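Next come the chains, spelled out residue by residue.
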Amino acid sequence: MNVCEPLLYAKGEAVTVVDLQALSDDAFARLREPITLGGVRLKNRVVHASITTFYVQDQRVTDRFVDYHRARAQGGCAAIIIEPTAVLSWQVDEPHKVRLFDDSQADSLARLVEAVEAHDCRLIGQIQDSGRGRHRRGRKRYCYAPSALPDDLSGTMPRALTVAQIQKAVEEIGQAAGRMQRCGFSGLEISAGHGHLVHQFLSPWSNHREDAYGGALEGRMRFLLEILDAIRAETRKPFILAVKAPGDDGVPGGVGPDEAAAIATRLAATGEVDAFAFCQGSHHRSLEHHMPDMYGPRAPYDALTAKLRGYVNGAPTAALGRLVDPVQAETVLRRGDADFVQIGRALITDANWVNKAFEGREHELRACVSCNTCWGQVVSGAPMACDNNPRLGTPDEATWTPPATPSRRRIVVVGAGPAGLEAAWVAASQGHDVTVLSRGASYGGKLALLAALPGCDQVSSVYDYQVARGLREGVRFEYGVEAQADTIAALAPDTVVLATGAEMEWPAGWPDAWREAGAASDLREVSALFSGATPVRRPGVAVLQDNDHTAATYAAAVMLAAHFEHVVLATPKAGLAGEEPIVVQQSVQRRLAAVGVEIVLLSEVAPESDLEEGEIVLRNVYSDARRTLQGVELLTYAGTRRPVDDLYAPLSAAGLDVRLVGDAYAPRDLLTATAEGHAAGLAV
Ligand SMILES: Cc1cc2nc3c(=O)[nH]c(=O)nc-3n(C[C@H](O)[C@H](O)[C@H](O)COP(=O)(O)O)c2cc1C
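Just so we're clear, the structure is a prediction, and the values are computed from it rather than from any experiment.

(A) View of the overall build of the chain. Of the regular secondary structure elements, the chain holds 23 helices and 29 strands. Taken over the C-alpha trace, the chain has a radius of gyration of 27 Å; the compact-globule value for 684 residues is 26 Å, and the two agree within 12%. On the principal axes, the C-alpha backbone points of the chain span a range of 75 × 65 × 50 Å. Within the chain, counting contacts between residues at least 6 apart in sequence, those at least 24 apart form 72% of the total. Of the roughly 26500 Å² of accessible surface on the chain, a fraction of 50% belongs to carbon and sulfur atoms. The chain carries 67 positive and 85 negative side-chain charges, and their two centres are separated by 5 Å.

(B) Region of interest: the sheet that holds strand 27 (residues 632–638). Spatially, five strands are ordered 20-27-21-22-23 in an open sheet, and the strand pairing comes out parallel. Strand pairing shows two members of the sheet lacking a second neighbour, strand 20 (521–522) and strand 23 (598–600), which therefore form its edges. Here strand 21 (residues 538–546) runs beside strand 22 (residues 564–570); their pairing, made up of six bridges, is parallel. Paired with Arg-538 across the strands is Phe-564, a residue of strand 22. The strands that helix 20 (residues 551–561) touches are strand 21, strand 22 and strand 27; relative to strand 22, the one it contacts most, it runs at about 155°.

(C) Representation of helix 16 (residues 460–472) within the structure. Between the first and last C-alpha of helix 16 there are 18 Å, a value that for 13 residues agrees with the 18 Å anticipated at 1.5 Å per step. Close packing links the buried residues of helix 16 with helix 14 (418–429), helix 15 (446–451), strand 17 (476–479) and helix 23 (670–683). Within two residues after helix 16, Gly-474 carries a phi angle of roughly 90°, on the positive side.

(D) Layout of the sheet that holds strand 7 (residues 122–127). If you trace the eight strands once around the closed barrel, you get 5-6-7-10-11-12-13-14, paired in parallel fashion. Along the sheet, successive strands turn relative to each other by an average axial angle of 30°, direction set aside. Where helix 3 (residues 63–74) meets the sheet, its contacts fall on strand 5 (46–48) and strand 6 (79–84), and the angle it forms with strand 6 comes to roughly 155°. Contacting strand 10 (187–191) and strand 11 (240–248), helix 7 (residues 217–234) crosses the sheet at an angle of about 170° to strand 10.

(E) Molecular detail of the state of the cysteines. By the definition in use, this model includes zero disulfides. Cys-143 forms no disulfide, and the closest cysteine sulfur to it belongs to Cys-279, at a distance of 20 Å. Of the residues examined, Cys-143 reaches a relative accessible area of 8% and is grouped as buried. Unpaired in terms of disulfides, Cys-456 finds its nearest cysteine sulfur in Cys-371, a separation of 11 Å.

(F) Molecular detail of the nonpolar core. Counting 176 residues, the largest nonpolar core has Phe-223 and Leu-267 as the members making the most contacts within it. Among the elements that make up this core, the one with the highest residue count is helix 20 (nine residues). Not counting the four nearest positions on each side in its chain, Phe-223 is found in contact with Ile-166, Ala-169, Val-170, Leu-197, Val-198, Phe-201 and Tyr-213. Counting residues in each nonpolar core, the second largest holds 18 residues, with Val-47, Ala-78, Ala-79 and Ala-318 among its members.

(G) Region of the structure containing the confidence of the model for the chain. Counting all residues, the mean pLDDT for the chain is 95, and 96% of those residues have values of 70 or more. Below a pLDDT of 50 lies the segment residues 1–16, which in the model reaches 33 contacts outside its immediate sequence neighbourhood of four places, other chains included.

Reading the values: the criteria
- Residues numbered from 1 in each chain as written.
- Predicted model: local features only at pLDDT ≥ 70, side-chain atom pairs only at ≥ 80, totals over all residues.
- Heavy atoms only, no water.
- Helix = DSSP H or I, 4+ residues; strand = E, 2+ residues; numbered from the N terminus.
- Rg over C-alpha atoms; globule rule 2.2 N^0.38 Å.
- Contact = heavy atoms within 4.5 Å.
- Areas by Shrake-Rupley, 256 points an atom, 1.4 Å probe, with all protein chains shown as cover.
- Lys, Arg positive; Asp, Glu negative; His and termini not counted.
- Charge placed at Lys NZ, Arg CZ, Asp CG, Glu CD.
- Pairing = 2+ DSSP bridges.
- Axes fitted to C-alpha atoms, helices over the stretch in contact; angles between N-to-C directions.
- Expected span 1.5 Å × (residues − 1).
- Disulfide = S-S within 2.5 Å.
- Buried < 20%, exposed > 50% of the residue type's maximum accessible area, 1.4 Å probe, protein only.
- Core = buried A, V, L, I, M, F, W, Y, C linked by side-chain atoms within 4.5 Å.
- pLDDT = per-residue confidence, 0-100.

The following block contains the structure:
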């Protein structure tokens, strides 16, 4: 967000220096400019990318679905591409997609249109079917694809579509487009990437047809070209027809950048595509490229987008992919790499992303962490949620201001992690008198430890926002305070919020003598020790026993690999990162492989290990087979945590009103910590 520092971006071999003077005159001059797509004017160049929310129920529009989109329209977006609707009659079993293969939802969709378009924000639908693709455990029972070839992730075997079925699908899509326009939509986007059905047709990897819909590029594109024709036949212009095309699907033998350029060229030649976006990844090991995470660079696909933009015959092209802050988005446009931006996750985290930027309030943004919790939620079938936005999908999300309290109360918050800090600023913003007592010398709690690990610095934006907001609202912060029941009581609080977090438990079955001798430490202590140290690879082995399976543990393993010649990660489970969604698992596997961490599944450190001699025995939890590691310099563990709630009983006994939040209530995750902190701050 800092517009004062030189912004240097690598773009292929060349480095482009952005004109800082121009930036500081009107930081968002390009983002602010109107743009016309297919004859439809957008008031600025920020478009909400399509996001499946799981707010739809039983194929019906819900209040939360409307609220979510209204908030982003109020927040300043020029257009919103909503999630895919059910446009094909075979999608009848997909309850999270609004039904559009008949007229039954026309009224409720008109309600959505009104809620969004009333804010001079264009509502755009999306057409998508995932074909053989599946992101969850298990396999699909019924699905269709160009060829009877298994999904690369789930192994789902589809039925190959007959020509008659393809033609019916094309017809149904055209009719659904007509329905959308009659409901008041300003356009639609065809999802032709991400490994979904249209992409399955485009890719020689998944399309082995020998009829008119397979073979050379023209054949593989036929399905998409016929869809374009059908939509144009059933709608009247102006009606934005956009394509989310593959940029690089990351599948050998699939759609790489050259094939993507050929597809873009052919699409542009139709003259019917009003806007392009290029997306990455497929239903494959490259799935993680859909949503680039915090461990990689920001805007990682910008150079590829700039290249592909050269093939679309001047059609407006969106930059897409980890555009987190507005300066970055503006910079992409100024470099001429794209004509407008599509923003996904950053708009989930802050509905007012656009308004805050345009009103000079970008320092007030709650920033997307690129952790992909949102995606994990929806892929598990749960309504979308965000680690850094506890108000996501509430009726007044964009306009909410904390209610002023009629009676100012004294609140003491113990703990300066994300739960405590959230409770503190929310309580103070209502007018309460709030003091935060932190044992640590600073704020952030255990999350600050995570932020110091490789690639994790973005998580600091969670607590940076909370503290900045707290300071503005008058919260007093006291650091280095070991809070005791009597010292807290002496502050005469009306309410105490205990947000004291959790501690790792000593692994079951490990000898107490090891603990007494300090022979093994928990991964947090080890992280604190090493993350500030110069990474010099020392000889010897570091062994990490992983009973935790969250992303934080693997970030620490990557850090250890910078300090030890060899890192062995042992887990009693059959896989890694079991607490994380598949895209995070892929990212974890890739990063561990890159630094050479050895993974030993179904194994745990056996108590007969001789730590003094640097000898660790790994025992297979099923076969009991043993393997001995020599030269072990470090043994660490991550696993079960217990709440630090010791103050709860004495404070309650003293008659105080005590609220436990976050991990101090029960160890869970960041999502729960911010949500509970927010609720506690409102309820004091
Ligand atoms: C929770 C979630 C749901 C998504 N659902 C869809 C979808 O239904 N259709 C689609 O084309 N893209 C979907 N995407 C991908 C986004 O549109 C976008 O391409 C991707 O998140 C990269 O943009 P970002 O870095 O700005 O988030 C989804 C992404 C997320 C995080």
